[in-house]
Amino acid sequence: MSDTASPKLPATEIAPRQAKPGGGVARLVVTQGPGAGKTLLVTRARATVGRHQTNDLVIPDPRISATHLELERRPEGRVLVRDLGTTNGTWLGPHRLNEVELGPGALLKIGDSLVRVEVDDRAEPERGSEGGRFGGLIGVSAEMRELFATLERVAPSQLTVLAQGETGTGKEELARAIHKHSPRSEGPFVVLDAATIPPTLAESVLFGHERGAFTGADARHIGTFERAHGGTLFIDEIGELPMDLQPKLLRVLESRTFSRVGGHEIIPVDFRLIAATHRDLRAEIEAHRFREDLYFRLAEARVFLPPLRARPADIPLLARHFLEELSTSERPLSITEEALRSLTLRKWPGNVRELRNVIARAAALCQDGTITENDLAGEGFGFRGSEAEREPLDLQGTFAEAKARAIDRFERAYLDALVRRCGGNLSKASRQADVARNHLRALLKKRGLYDPGDT
Ligand SMILES: Nc1ncnc2c1ncn2[C@@H]1O[C@H](COP(=O)(O)OP(=O)(O)OP(=O)(O)O)[C@@H](O)[C@H]1O
């Protein structure tokens, strides 16, 4: 994926080209505004557009948010565009949009800029890995295969890696897998959760201390950096790293040396850093809670772990994988096709961790070692309801805008519950909701809740 000033076409390329059946990749072209001429070829599964330099397409328009749009690649040169809750919005003609799938010819307005969607029918989507696993991570969805292909390239290098993803999507598993596939695999793998560093002992935790460095320091303590020497340091929840520690971490990464608290010796240290966060650090940079220079040092390679609801193809594979792990020769475990199917319809706010726990619970409770749909009733929706259910009504903006958002939310919640209730059966759902099948199908399709296999 590249963000470039629009290249001039060489004369030989002016002749119209034959579109490849089913092929082609969307290209976004900034046609008006401060970034006019910039383009982005959407070859990767996901990309972002915004004012901040960390986006895949950077548009230096002050009326655009730091990260304004999220893009998802779709087949046949189409692209799903999602507004990330911006102040000035994303507009398609007179319509303000939250999420829409666009094809060639669409013209978006963000800030004072116009962005046109084109299709490049010679470009290929980034190729996924052939294998369905990388270390302890498994997955067959296009998103995970693409991630594995990136990891195969990144793991053997020395690059620092920044992994972003919701809770339970496998960020720590990913860090372990990179370590295992790196030349440091024989060295230590050290985990530090930045959200739980006690503030008063933070420096001692990271750098260690000498005996007598402070009251109570009655022995030398080896800190996290030193323990990771020769191996990999995984810092989880890096977005929670206190502001005063951020320049200290940056200094160690740049100088590759540190001193223990209360010590004068300069100790060389050699570790590879992998950091993870559930936040979009670009928003944290905007809010002055995260240092930009540290971000760039951490994000030499940036990877995104998609939420489980965005890759339902992985759910049966993961469910069977967890069942295999739990099976014993005395109690071999299995799961019915209907039960698997019902798992693919859920939202999984706790992602793979939640799926693993649901399978473990059902495996313990099911009769004869076979998990049926009944064993899964009420599972897979998280403990606190969906994010939308937890959020109060958004009453900002004009009456019409606020009403449109409320209706959108109602539709989403209603359809979600309907699909769950009817186990994905379209005819049953159409009868229960008293909505014509075709209309219901269109509504579900719009929300990504319609599986063409549905009856
Ligand atoms: N793709 C996957 N294949 C197999 N197991 C997975 C996969 N993704 C996650 N898991 C398993 O799910 C559980 C949660 O994963 P992990 O702890 O790596 O998530 P995380 O993103 O680091 O979560 P958190 O942000 O809450 O720390 C672990 O048991 C892990 O082994």
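No experiment lies behind these values; they were computed from the predicted model shown.

Rules used throughout
Residues numbered from 1 in each chain as written. Predicted model: local features only at pLDDT ≥ 70, side-chain atom pairs only at ≥ 80, totals over all residues. Heavy atoms only, no water. Near = heavy atom within 4 Å. Polar contact = N/O pair within 3.5 Å; in protein donor to acceptor, adjacent residues only side chain to side chain. Areas by Shrake-Rupley, 256 points an atom, 1.4 Å probe, with all protein chains shown as cover. Helix = DSSP H or I, 4+ residues; strand = E, 2+ residues; numbered from the N terminus. Expected span 1.5 Å × (residues − 1). Buried < 20%, exposed > 50% of the residue type's maximum accessible area, 1.4 Å probe, protein only. Contact = heavy atoms within 4.5 Å. 1 Å grid on protein atoms, 1.4 Å probe; cavity = no way out; pocket = protein on both sides within 12 Å on 5 of 7 lines; lining within 4 Å. Points joined across faces, edges and corners; volume = space filled by probe spheres on them. Phe/Tyr/Trp six-rings, centres within 6.5 Å; stacked < 30°, edge-to-face > 60°. Arc of directions from axis to C-beta. Axes fitted to C-alpha atoms, helices over the stretch in contact; angles between N-to-C directions. Parallel < 35°, antiparallel > 145°, perpendicular 65-115°, else oblique. Left-handed = near helix turned anticlockwise from the far one by under 90°. Nonpolar A, V, L, I, M, F, W, Y, C, P; charged D, E, K, R; others polar. Pairing = 2+ DSSP bridges. Salt bridge = Lys/Arg side-chain N within 4 Å of Asp/Glu carboxyl O. UniProt positions renumbered as here; feature names shortened; annotations may be inferred. pLDDT = per-residue confidence, 0-100.

What follows covers the site of the ligand. The full set close to the ligand counts 18 residues, and I138, T167, K171, E173 and R356 are the nearest of them. The separation between an oxygen atom of the ligand and a polar side-chain atom of K171 is 2.7 Å. At a separation of 2.4 Å, an oxygen atom of the ligand approaches a polar side-chain atom of E173. Across the complex, the protein chains shield 88% of the 630 Å² of accessible surface that the ligand would expose by itself.

In this model helix α8 (residues 314–326) runs 18 Å from its N-terminal to its C-terminal C-alpha over 13 residues, within 8% of the 18 Å that 1.5 Å per residue would give. If you check which residues of α8 are buried, you get D314, I315, L318, A319, H321, F322 and L323. Along its buried surface, α8 packs onto β14 (137–138), α1 (142–154), β24 (334–335), α9 (337–344), α10 (351–365) and β25 (370–371).

A word on the layout of surface pockets. Reported here for the second largest pocket is a volume of approximately 570 Å³. Taken together, 23 residues line the second largest pocket, and the ones lying closest to its centre are G168, G170, E173, V352 and R356. Of all elements in the fold, only β14, α2 (171–180), α8 and α10 reach the threshold of two or more residues within the lining of the second largest pocket.

Here the focus is the packing of aromatic side chains. Tallied over the full model, the rule gives 6 aromatic pairs. Between the aromatic rings of F225 and F258, the centroid separation amounts to 6.4 Å while the plane-to-plane angle is 65 degrees, which identifies the pairing as edge-to-face. One end of the pair, F225, is in helix α4 (residues 224–227); the other, F258, is in strand β20 (residues 257–258), with 33 residues separating them in the sequence. Residue classification places F225 among the buried positions, given a relative accessible area of 1%. Classification of F258 as buried rests on a relative accessible area of 5%. Consider the rings of Y295 and F296, whose centres lie 5.5 Å apart with planes at 90 degrees: the pair is edge-to-face.

Before going further, it helps to examine helix α13 (residues 426–433). Considered for burial, the residues of α13 that qualify are L426, A429, S430 and A433. Looking straight down α13, one finds that the buried residues subtend no more than 100 degrees of arc, so they occupy a single side. Of the surrounding secondary structure, the elements contacted by the buried residues of α13 are α12 (399–421) and α14 (437–446). One or two steps after α13, the chain reaches D434, where phi turns positive at roughly 60 degrees.

Before going further, it helps to examine the packing of α8 against α9. Running from amino to carboxyl end, α8 crosses α9 at an angle of 120 degrees, the nearest separation of the two axes being 9 Å. Overall, the two elements α8 and α9 adopt an arrangement that is oblique. Crossing of α8 over α9 shows right-handed handedness. Touching I315, P316, A319 and R320 of α8 are E337, L340, L343 and T344, all from α9. Across the contact of α8 with α9, the residue classes break down as 5 nonpolar, 1 polar and 2 charged.

Once that is clear, we can look at the sheet that holds strand β22 (residues 272–277). Strand order in the open sheet made by the 5 strands is β16-β19-β22-β15-β23, with parallel pairing throughout. Since the sheet does not close on itself, it has two edges, and those belong to β16 (189–193) and β23 (301–305), each with one partner. Taking each pair of neighbouring strands and ignoring which way they run, the sheet shows an average axis angle of 20 degrees. Sheet topology places strand β15 (residues 161–165) next to β22; 4 bridges connect them, and they run parallel. Each bridged residue has a counterpart across the sheet, and for V161 the counterpart in β22 is I274.

Moving on: the pattern of salt bridges. Scanning the entire structure with this criterion turns up 29 salt bridges. Between R74 and E101 there is a salt bridge, and its shortest N-O distance comes to 3.4 Å. Remark: E101 occurs in strand β10 (residues 99–102) and R74 occurs in strand β6 (residues 69–74); sequence separation between them is 27 residues. With a relative accessible area of 35%, E101 lands in the partly exposed category.

Here we come to the UniProt feature "domain: Sigma-54 factor interaction" (unreviewed entry) in the chain. Under the feature "domain: Sigma-54 factor interaction" (unreviewed entry), the UniProt entry names residues 137–364. Helix makes up 40% of residues 137–364 and strand 17%. Its end C-alpha atoms lie 24 Å apart.

What follows is about the sheet that holds strand β7 (residues 78–83). Spatially, β5-β4-β6-β7-β10 is the arrangement adopted by the 5 strands of the open sheet, whose pairing is mixed. Among the strands making up the open sheet, the edge pair consists of β5 (57–58) and β10. Pairing geometry for strand β4 (residues 46–50) and β6, over 4 bridges, is antiparallel. In the sheet register, T48 faces β6, and the bridge partner there is E70.

For the rest of this paragraph, the subject is unusual backbone geometry. Excluding glycine, a negative phi dihedral is what most residues carry, and trans is how most peptide bonds are arranged. Phi at E237 takes a positive value of approximately 50 degrees, unusual for a residue other than glycine. Within the secondary structure, E237 is located in the loop between β19 (232–236) and α5 (246–255). Even without a glycine there, the phi angle at H288 is positive, about 60 degrees.

The element β4 is largely enclosed, with a buried count of 5 among its 5 residues. The two faces of β4 match: R46, T48 and G50 on one face and A47 and V49 on the other face are all buried. With 2 bridges joining them, β4 and β5 adopt parallel strand pairing. Within β5, the residue paired with V49 across the bridge is L57.

Another aspect to go through is the confidence of the model for the chain. For residues with low pLDDT, the predicted coordinates do not support detailed interpretation. Mean pLDDT over the chain: 86, with 90% of residues reaching 70 or higher. Residue range residues 4–21 is modelled with pLDDT below 50. Its contacts to residues more than four positions away, or to other chains, number 16 contacts. Low pLDDT (under 50) marks residues 382–387, which in the prediction has 4 contacts with non-local residues, meaning those over four places away or in another chain. Under the prediction, the complex receives an ipTM of 0.98, its pTM being 0.71.

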